[in-house]
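Chain and residue survey
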Amino acid sequence: MFEPVQLRTFLAVAQTLSFTQAAVRLGVRQSTVSQQVRRLEAAAGRQLFTRDTHSVRLTEDGEAMLGFARTILEANERAVHWFAGTRLRGRLRFGASEDFVLTRLPEVLEGFRREHPEVDLELTVDLSETLQRRLAAGRLDLVLAKRHPDEPHGRLVWRDRLVWIGGERLHLDPHRPLPLIAFPAPAVTRARALEVLERSGRAWRVVCTSGSLNGLVAAARAGLGVMAHTLGMIPPGLVRLPPGSGLPDLGGVDVVLLHGTAPDSAARAPAEALAQAVLAAGDRLQA
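Attention here is on the structure that accompanies the text. The model shown is predicted, which means the values in this text are computed figures rather than measured ones. (Residues numbered from 1 in each chain as written. Predicted model: local features only at pLDDT ≥ 70, side-chain atom pairs only at ≥ 80, totals over all residues. Heavy atoms only, no water.)

**Observations regarding the nonpolar core**
- Phe94, Leu105, Leu144, Val157, Leu257, Leu274 and Val278 are the most contacted members of the largest nonpolar core, which totals 25 residues.
- Elements with a minimum of two residues in this core: β3 (90–96), α6 (105–115), β5 (142–147), β6 (155–166), β11 (252–259) and α10 (268–280).
- Ranked by the residues each element gives to this core, the list is headed by α10, at six residues.
- The next biggest cluster of nonpolar side chains, apart from the first, holds 20 residues, and it includes Leu11, Val13, Val33 and Phe49. (Core = buried A, V, L, I, M, F, W, Y, C linked by side-chain atoms within 4.5 Å. Buried < 20%, exposed > 50% of the residue type's maximum accessible area, 1.4 Å probe, protein only. Helix = DSSP H or I, 4+ residues; strand = E, 2+ residues; numbered from the N terminus.)

And the structure:
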């Protein structure tokens, strides 16, 4: 029998690929995280992670445990809600950027609605920076957004990298300005792309701007240029440009959950329930 606490700890490490970040998410010491993972590995009789001083990776058995852990924890949560006899109510205003909505996030939201039918869920789709401003203004209760790894705010869902992507037949002329496809300001990906291009001295020109990810993807598929995008959520029909393309490294990016700050908000309990659902499904939201 696998203990839910150990499975929850395993899931946090698997999504963040960091024992330190998993400890922060769970509100425990790093030594506790290591202990729980060792106990789960002992119960399974298999090594679930390979780790050294620089990285943490799932083994083949660890990849298999991901699916089992999600299934067990989801069943456990359903049982708890059933026998506790408590039903969440109220309005929950949730914001997410479009690249998340095009992943399996709708499945997570569908499951949340099924488990909590008396919560009125309102979804707002916009740029991460815009959503954070609305959250600060009290117009949203919970936001799933991207942030720079150095920023401290938010509950880490997973860590990823920003990469350059484009159409499979795209050819870049190194002697001409880089054709850039980007969201309008203040998008995180646009800001990072311009920052690294300016720092590297690479000339660029914007060939397409759209507030819709579908618009950017259409432009990239048509071969108009390149765009900065999260590695774990590359849209179908586009590919990561190889390291030999001569473009500067875009660095890392964190996917985080941000809560509203209203002290007496009736949305606090529903927001926490949805946050837990998103955290549990973090690895499924990546490609």
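**Observations regarding the environment of Ala219**
- Counting through the fold element by element, Ala219 comes out in helix α9 (residues 213–221).
- Given a relative accessible area of 8%, Ala219 falls into the buried group.
- What Ala219 contacts, discounting residues up to four positions off in sequence, is Ile181, Cys208 and Leu224. (Contact = heavy atoms within 4.5 Å.)

**With respect to the side chain of Arg93**
- Of note, Arg93 is situated in strand β3.
- On the basis of relative accessible area, Arg93 is assigned to the buried category, the value being 17%.

**Some details on empty space enclosed by the protein**
- What the rule picks out here adds up to one cavity of 30 Å³ or more.
- Space inside the largest cavity adds up to approximately 50 Å³.
- Taken together, Leu180, Ile181, Ala182, Phe183, Thr189, Arg190, Ala193, Leu216, Met227 and Ala228 make up the full set of residues lining the largest cavity.
- Elements that contribute at least two residues to the lining of the largest cavity include exactly β7 (178–182), α8 (188–200) and β9 (227–230).
- When its residues are assigned to classes, the lining of the largest cavity shows eight nonpolar, one polar and one charged. (1 Å grid on protein atoms, 1.4 Å probe; cavity = no way out; pocket = protein on both sides within 12 Å on 5 of 7 lines; lining within 4 Å. Points joined across faces, edges and corners; volume = space filled by probe spheres on them. Nonpolar A, V, L, I, M, F, W, Y, C, P; charged D, E, K, R; others polar.)

**Considerations on the environment of Leu109**
- Structurally, Leu109 can be placed in helix α6.
- Sequence separation of Leu109 and Leu274 is 165 residues, and the distance between their C-alpha atoms is 8.0 Å.
- When neighbours within four sequence positions are excluded, Leu109 is seen to be in contact with Phe94, Leu121, Leu123 and Leu274.

**Considering helix α1 (residues 4–16)**
- Taking 1.5 Å per residue, 13 residues should reach 18 Å; α1 reaches 18 Å between its end C-alpha atoms and fits that length.
- A positive phi of about 50° marks Leu17, the residue just after α1. (Expected span 1.5 Å × (residues − 1).)

**Considerations on the packing of aromatic side chains**
- Across all of its chains, the model carries three aromatic pairs by this definition.
- Measuring from ring centre to ring centre gives 5.4 Å for Phe10 and Phe49, while their planes differ by 45°; the resulting arrangement is tilted. On the criterion of sequence distance, the pair formed by Phe10 in helix α1 and Phe49 in strand β1 (residues 49–51) is long-range, its members being 39 residues apart.
- A relative accessible area of 0% places Phe10 in the buried class.
- Seen from their ring centres, Phe100 and Trp158 are 6.1 Å apart, and the 85° between their planes marks the pair as edge-to-face. Here the residue Phe100 occupies a position in helix α5 (residues 98–101), and Trp158 occupies one in strand β6, the gap between them amounting to 58 residues. (Phe/Tyr/Trp six-rings, centres within 6.5 Å; stacked < 30°, edge-to-face > 60°.)

**Quick word on the packing of α6 against α10**
- Close contact between α6 and α10 brings their axes to 10 Å; oriented N to C, the two are set at 135°. On the basis of their axis angle, the class for α6 and α10 is oblique. Relative to α10, the crossing made by α6 is right-handed. Touching Leu105, Val108, Leu109 and Phe112 of α6 are Pro270, Ala273, Leu274, Ala277 and Val278, all from α10.
- Of the residues that constitute the contact of α6 with α10, the class distribution is nine nonpolar, no polar and no charged. (Axes fitted to C-alpha atoms, helices over the stretch in contact; angles between N-to-C directions. Parallel < 35°, antiparallel > 145°, perpendicular 65-115°, else oblique. Left-handed = near helix turned anticlockwise from the far one by under 90°.)

**Things to note about the packing of α1 against helix α2 (residues 19–26)**
- Put simply, α1 and α2 touch, their axes get as near as 8 Å, and they point 125° apart. Accordingly, the angle class assigned to the pair α1 and α2 is oblique. α1 and α2 meet at a crossing whose hand is right-handed. In contact with Arg8, Thr9, Ala12, Val13, Gln15 and Thr16 of α1, α2 contributes Phe19, Gln21, Ala22, Arg25 and Leu26.
- Partitioned by chemical class, the residues of the contact of α1 with α2 number five nonpolar, four polar and two charged.

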